[in-house]
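Take a look at the letters that make up each chain.
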Amino acid sequence: KQEVTQIPAALSVPEGENLVLNCSFTDSAIYNLQWFRQDPGKGLTSLLLIQSSQREQTSGRLNASLDKSSGRSTLYIAASQPGDSATYLCAVIAQGGSEKLVFGKGTKLTVNP
Amino acid sequence: NAGVTQTPKFRVLKTGQSMTLLCAQDMNHEYMYWYRQDPGMGLRLIHYSVGEGTTAKGEVPDGYNVSRLKKQNFLLGLESAAPSQTSVYFCASSRQGIYSPLHFGNGTRLTVT
């Protein structure tokens with residue numbers, strides 16, 4: 001059974017700092033991995049989707065990497081801003097061909113001015 | 001574009017009452033999903049649809065029914081609400097299923113007393 005873990009559960013950093021969020025999964029046979037952002041009281045916003053054949057994806061100040069063999073992904077945020085404060089979740093596709101994404105419980109990021 | 005719109009935003013039900021949550025998307029997506037999000041449990045898939053007129057069970061379908069009579073709408077019904085169904089419900093849609101980015105609505109916060 002695929003399980004996704006995100007550590008730490010919460011992270012607080014000063015503005016301007018570069019930071020890394022971690023995501024690990026137990027079954028390396030994944031199709032892709034997605035990173036989402038969730039603001040309080042809102043739905044999830046897709047940030048980056050990495051196909052299993054890719055090693056990384058970049059969007060602006062965000063860079064996501066994928067290492068299937070070790071079951072890990074990282075989301076790198078450069079020059080963090082208070083507006084980056086949110087909960088970040090990762091999700092992978094479970095084996096079996098169903099439409100099931102397995103989500104981590106998220107890392108709550110606070111960027112302090 | 002409005003994206004994915006959920007109504008209502010909040011609802012309080014008494015045990016045994018019924019209600020329908022409405023999800024509408026204007027992106028012409030084939031795939032639509034209903035998730036619930038609970039503290040400490042993460043996001044779990046309730047039901048999904050791969051096209052107009054189709055529905056399928058997800059991870060936690062018991063106590064819920066769904067319908068997809070029109071491509072743009074996906075309805076989630078609770079026939080006899082229970083306190084265990086207190087949760088935040090999210091609808092999502094995508095162009096190519098979970099192999100492409102998911103677009104989420106802002107959620108419906110449901111409390112069953």
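See above for the structure.
Here's a quick rundown of the structure.

**Examining the pattern of salt bridges**
All names here are of chain B.
For step 1, the next point in the chain: Evaluation of the coordinates by the stated rule reveals five salt bridges over all chains.
For step 2, the next point in the chain: Two residues, Arg36 and Asp38, come together in a salt bridge whose shortest N-O distance is 2.8 Å.
For step 3, the next point in the chain: Taking relative accessible area as the criterion, Arg36 reaches 8% and is therefore assigned buried.
For step 4, the next point in the chain: Its salt-bridge partner being Asp38, residue Arg44 comes within 2.9 Å of it at the nearest N-O pair.
For step 5, the next point in the chain: Assessed through its relative accessible area of 16%, Arg44 is described here as buried.
For step 6, the next point in the chain: Several salt bridges converge on common partners, so that one network encompasses Arg36, Asp38 and Arg44.

**What about the interface of chain A and chain B?**
For step 1, the next point in the chain: Every contact between the two is made by 20 residues of chain A and, on the other side, 22 residues of chain B.
For step 2, the next point in the chain: Both sides of the chain A and chain B interface together cover about 1,700 Å² of buried area, and 59% of this is carbon and sulfur.
For step 3, the next point in the chain: Contact with chain B buries surface across chain A, with Leu44, Glu99 and Phe103 of chain A losing the most and accounting together for 36% of the total.
For step 4, the next point in the chain: The tally of links from chain A across to chain B stands at four residue pairs in polar contact (both at pLDDT 80 or more).

Reading the values: the criteria
- Residues numbered from 1 in each chain as written.
- Chains lettered and ligands numbered in written order.
- Predicted model: local features only at pLDDT ≥ 70, side-chain atom pairs only at ≥ 80, totals over all residues.
- Heavy atoms only, no water.
- Salt bridge = Lys/Arg side-chain N within 4 Å of Asp/Glu carboxyl O.
- Buried < 20%, exposed > 50% of the residue type's maximum accessible area, 1.4 Å probe, protein only.
- Contact = heavy atoms within 4.5 Å.
- Buried area = accessible area lost by both parts, 1.4 Å probe.
- Polar contact = N/O pair within 3.5 Å; in protein donor to acceptor, adjacent residues only side chain to side chain.

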